[in-house]
Amino acid sequence: MFELPDELVTLGMKRIEGFPVEGFVKGKGPKNPTIMLIGEAPGENEAIHGLPFIGRAGDELVKSLASIGLTRDNVYMTSAVRSRPYVWKDKKERNGEMTKRKYNRPPTQQEIVAHAPVLDYELTHIAPVVIVTLGNVGLQRLLGKDAKVSVLHGQLIEHEIQHLASLEENKFIWSDEKYMIIPTYHPAAVFYRPSNRDFLEGDWEKIGKYIASSKFGFSSAEKNCTRET
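A. Highlighting the overall build of the chain. Broken down by element type, the chain carries nine helices and eight strands. A globule of 229 residues ought to have a C-alpha radius of gyration of about 17 Å, and the chain, at 18 Å, matches this closely. Taken along the three principal axes of its C-alpha coordinates, the chain extends 60 × 45 × 35 Å. Across the 229 residues in the chain, those meeting the buried criterion constitute 48%. Residue pairs at least 24 apart in sequence account for 69% of intrachain contacts in the chain once pairs closer than 6 positions are excluded. As displayed, the chain offers around 12000 Å² of accessible surface, 50% of which is attributable to carbon and sulfur atoms. Here the chain holds 30 positive side-chain charges and 30 negative ones, and the gap between their average locations is 5 Å.

B. Inspection of the sheet that holds strand β5 (residues 98–104) at higher detail. With antiparallel pairing, three strands are arranged side by side in an open sheet as β1-β4-β5. Edge positions in the sheet fall to β1 (21–22) and β5, since each of these pairs with one other strand and no more. As judged from the two bridges shared by β1 and strand β4 (residues 84–92), these two strands associate in the antiparallel manner. Paired with Val21 across the bridge in β4 is Pro85.

C. Region of interest: the sheet that holds strand β8 (residues 169–184). Reading across from one edge, β3-β2-β6-β8-β7 is the order of the five strands in this open sheet, with mixed pairing throughout. With partners counted over all chains shown, the strands left at the sheet margins are β3 (75–79) and β7 (157–166), one partner each. Across the sheet, the mean angle from the axis of one strand to that of its neighbour is 35°, orientation sign disregarded. Of the pairings in the sheet, the one linking strand β2 (residues 35–39) to β3 comprises five bridges and is parallel in character. In the strand pairing of β3, Leu37 is matched with Met77. Its contacts with the sheet put helix α6 (residues 136–143) on β2, β6 (130–134), β7 and β8, and the angle it makes with β7 is roughly 80°.

D. Fine view of the nonpolar core. Ranked by size, the top nonpolar core spans 45 residues in total, and within it Ile35, Leu37 and Trp204 carry the most contacts. The greatest single-element share of this core, amounting to five residues, is contributed by helix α9 (residues 196–214). Setting aside chain neighbours within four positions, we find Leu37 in contact with Leu61, Val75, Tyr76, Met77, Thr78, Val132, Leu134 and Trp204. Of all hydrophobic cores here, the second largest spans 12 residues; its members include Ile16, Val21, Leu164 and Phe172.

E. Representation of the layout of surface pockets within the structure. Taken as a whole, the largest pocket spans an internal volume of roughly 880 Å³. Lining of the largest pocket is provided by 33 residues; of these, Ala57, Asn104, His186, Ala188 and Tyr192 occupy positions nearest its centre. The set of elements that each furnish at least two residues to the lining of the largest pocket consists of α2 (44–49), α3 (55–67), β3 and α8 (189–192). Tallied by class, the residues present in the lining of the largest pocket amount to 15 nonpolar, 10 polar and eight charged.

Conventions adopted
Throughout this description, residue numbers start from 1 for each chain and increase along the sequence as written. Local features in this predicted model are restricted to residues of pLDDT 70 or higher, and side-chain atom pairs are both shown and tallied only at a pLDDT of 80 or more, whereas totals for entire chains, interfaces and linings draw on every residue. Only heavy atoms go into the side-chain values, all of them from the structure, while hydrogens and water stay out. Helix and strand definitions here come from DSSP, where helices need a minimum of 4 consecutive H or I residues and strands a minimum of 2 consecutive E residues; each element is numbered from the N-terminal end. Here the globule rule reads 2.2 Å times residues to the power 0.38, and the radius of gyration is calculated from C-alpha atoms. Whether a residue is buried, partly exposed or exposed follows from its accessible area with a 1.4 Å probe, protein chains only, as a fraction of its type maximum: under 20%, in between, or over 50%, in that order. Note on contacts: a residue pair is in contact if any heavy atoms of the two residues lie within 4.5 Å. Here the accessible surface of atoms and residues is derived via Shrake-Rupley with a 1.4 Å probe, and residues count as covered only by protein chains that are part of the display. His is not counted here, nor are the chain ends, while Lys and Arg score as positive and Asp and Glu score as negative. Note on charges: their place is set at NZ of Lys, CZ of Arg, CG of Asp or CD of Glu. Strand pairing is defined by DSSP finding a minimum of two bridges between the two strands. Helix axes are fitted to C-alpha atoms over the stretch in contact, other axes to C-alpha atoms as well, and angles between N-to-C directions run from 0 to 180 degrees. Buried Ala, Val, Leu, Ile, Met, Phe, Trp, Tyr and Cys residues form a nonpolar core when they are joined through side-chain atoms within 4.5 Å. As defined here, a cavity is a set of points on a 1 Å grid over the protein atoms alone where a 1.4 Å probe fits but cannot get out. A pocket is an open set with protein on both sides within 12 Å along at least five of seven lines, and residues line them when an atom is within 4 Å of a point. Grid points are joined across faces, edges and corners, and a volume is the space filled by probe spheres set on the points. Gly counts as polar in this scheme, as do all residues outside two lists: the nonpolar Ala, Val, Leu, Ile, Met, Phe, Trp, Tyr, Cys and Pro, and the charged Asp, Glu, Lys and Arg.

Following this line, the structure appears as structure tokens:
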């Protein structure tokens, strides 16, 4: 199993101090996985247990993996931000009493930049067959703000990816090497829009076919489609 260095975890926690986030969830999986999964950020369950992709969304992800013959043991699970971003909101209890509670929210660009060194390290040291981004945050972290999962989902993209220019600069630059990426929707998308399930199932079928073709050494020209720079 791949392990983040302790000093990198310390750096990640320090860089995100002062933001409304909690916990720190390390990536989990082998160094040479079939798939590297990149989501947006931990939710409440992940922050409590320190494990990526658990709870309802995790169950959906396990089903998608099983549909192409994989399990959690075959993939490396990570995200653009490693601490749970939250916002306080009012909640009406069953007895009518109003209370405050924390709700999940998407990470901000500043939070994504804060934890960029952690994901950059994983992208440098982990060698998957393919990277699968889950939702827009993971996709845009790699390919920039113009990349949209609604447009690119299910496509095989061979492209450079963004990484932090330096610890002193809050900007991304492009990598020298290209990576194989297939974007799809976040597994939680089916809860908010059930029609996304058809897209999700179709995307995972394409992911499975690409993985199968890779085992036989197909050339890039024979694989799905690429995205021009």
